[in-house]
Amino acid sequence: MDAAAWDERYRSSDLVWGAQPNRWVEQQLAGLSPGTGVDVACGEGRNALWLASRGWRMIAVDFAAAALDKGRRLESSAEVAHPIDWVCDDVTAYRAPQPVDLVLICYLQVSAEVRRTVMRNAAAALAPGGTLLVVGHDSTNLADGTGGPQEPAVLYTAADLAADLEGTGLAIDIAHAVLRPVDGADRPAIDALLRAHRP
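Every value quoted in this text rests on a predicted model; they were computed, and no experiment measured them.

> Give a detailed account of the overall build of the chain, specifying residues and quantitative values.
A tally of regular secondary structure across the chain gives seven helices and seven strands. When the helices and strands of the chain are placed in sequence order, the string is α-α-β-α-β-α-β-β-α-β-α-α-β-β. Judged by the C-alpha coordinates and their principal axes, the chain covers about 40 × 40 × 30 Å. Across the 199 residues that make up the chain, the buried fraction comes to 47%. Long-range pairs, those at least 24 residues apart, make up 70% of the contacts in the chain with a sequence separation of at least 6. Only carbon and sulfur atoms are counted for the fraction: they give 50% of the accessible area of the chain, which is about 9200 Å². Separation of charge centres in the chain, based on 17 positive and 26 negative side chains, amounts to 3 Å.

> So what's going on with helix α3 (residues 46–53)? Residues and values would help.
Burial analysis of α3 places seven of its eight residues in the buried class, which makes it a mostly covered element. Within the sequence span of α3, burial applies to R46, N47, A48, L49, W50, L51 and A52. Along its buried surface, α3 packs onto α2 (23–29), β1 (36–40), β2 (57–62), α4 (65–76), β3 (85–88) and β4 (100–106). Once α3 finishes, G55 follows within two positions and takes phi at roughly 105°, a positive value.

> Residue-level account of the side chain of D138, with values.
Here D138 shows up in the loop between β5 (126–137) and α6 (141–144). Buried charged residue D138 carries no salt bridge. Nearest counter-charge: R115, at 10 Å. For D138, the residues in contact, after removing those within four places along its chain, are L155, Y156, T157, A158, A177, I190, D191 and A192.

> Pulling in residues and values, what's your account of the pairing of strand β7 (residues 189–197)?
Burial within β7 is extensive, with eight of its nine residues counted as buried. Pairing of β5 with β7, which is carried by seven bridges, proceeds in the antiparallel orientation. Among the inter-strand pairings, G136 is bridged to a residue of β7, identified as A192. Sheet analysis places strand β6 (residues 171–180) next to β7, joined by nine bridges and oriented antiparallel. In the strand pairing of β7, V178 is matched with D191.

> Before we move on, could you go through the packing of aromatic side chains and cite the residues and values that matter?
This model, assessed by the stated rule, comprises zero aromatic pairs. The ring of W24 is capped by R23, whose NZ or CZ atom sits 5.8 Å from the centre of that ring.

> Can you break down empty space enclosed by the protein residue by residue, with the values?
All chains considered together, the criterion is met by two cavities of 30 Å³ or more. When its volume is computed, the largest cavity comes out at roughly 100 Å³. Taken together, V38, V40, V91, Y94, R95, A96, V103, V118, N121, A122 and A125 make up the full set of residues lining the largest cavity. For the lining of the largest cavity, the elements supplying multiple residues, two or more each, are β1 and α5 (112–125). With four residues, α5 is the largest single contributor of residues to the lining of the largest cavity. A class-by-class count of the residues in the lining of the largest cavity yields nine nonpolar, one polar and one charged.

> Can you lay out the sheet that holds β6 for me, pointing to particular residues and giving the numbers?
Reading across the sheet, the seven strands line up as β3-β2-β1-β4-β5-β7-β6 and stay open at both edges, with mixed pairing between neighbours. The open sheet is flanked by β3 and β6, the only strands paired with a single partner. Averaged over all pairs of adjacent strands, the angle between strand axes in this sheet comes to 15°, irrespective of strand direction. In the packing of α4 onto the sheet, contacts are made with β2 and β3, and the angle to β3 comes to roughly 170°.

Definitions and limits used
- Residues numbered from 1 in each chain as written.
- Predicted model: local features only at pLDDT ≥ 70, side-chain atom pairs only at ≥ 80, totals over all residues.
- Heavy atoms only, no water.
- Helix = DSSP H or I, 4+ residues; strand = E, 2+ residues; numbered from the N terminus.
- Buried < 20%, exposed > 50% of the residue type's maximum accessible area, 1.4 Å probe, protein only.
- Contact = heavy atoms within 4.5 Å.
- Areas by Shrake-Rupley, 256 points an atom, 1.4 Å probe, with all protein chains shown as cover.
- Lys, Arg positive; Asp, Glu negative; His and termini not counted.
- Charge placed at Lys NZ, Arg CZ, Asp CG, Glu CD.
- Salt bridge = Lys/Arg side-chain N within 4 Å of Asp/Glu carboxyl O.
- Pairing = 2+ DSSP bridges.
- Phe/Tyr/Trp six-rings, centres within 6.5 Å; stacked < 30°, edge-to-face > 60°.
- Lys NZ or Arg CZ within 6 Å of the ring centre and 35° of its normal.
- 1 Å grid on protein atoms, 1.4 Å probe; cavity = no way out; pocket = protein on both sides within 12 Å on 5 of 7 lines; lining within 4 Å.
- Points joined across faces, edges and corners; volume = space filled by probe spheres on them.
- Nonpolar A, V, L, I, M, F, W, Y, C, P; charged D, E, K, R; others polar.
- Axes fitted to C-alpha atoms, helices over the stretch in contact; angles between N-to-C directions.

Written out as structure tokens, the structure is:
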């Protein structure tokens, strides 16, 4: 995890991840009533922008300032109900200023120890009734899927995510692998998907 390297990556292309929300974010969160949310490791903010367009009050956090700058520019031409709070910070150290209704973590590929810290911080940020949604490159994607990091140490399964949350008081709603079609690839990517809530 190197902020300077990610800044360079974001500066060297138009939109690294595209403008549309992640398919699993859209599928899992479209039915939720808007509230307050945090998009952890938001990148250029595509998911935060989509949620904000649906009435959410979003905080978008990333350590890459170049990505956040792109998000702000995208927001300036988007129709959002509430301005997004763009925060440049290390997601392992960030704490939400108040309990929130949603924490979203998409493709944060870090070591198991760092991931566990982020997951437990996310759980602690949830208000009663709040939702945690985590999407990442599954461990099996390395051999059986398409794309994604090629370093096994930063891959994980939904079961790993569920284990990270043990003792936090969250109820696990969904924890499994999902297949994501990839344009031009002969096989899908394999993602780990976890959805949980605070009762």
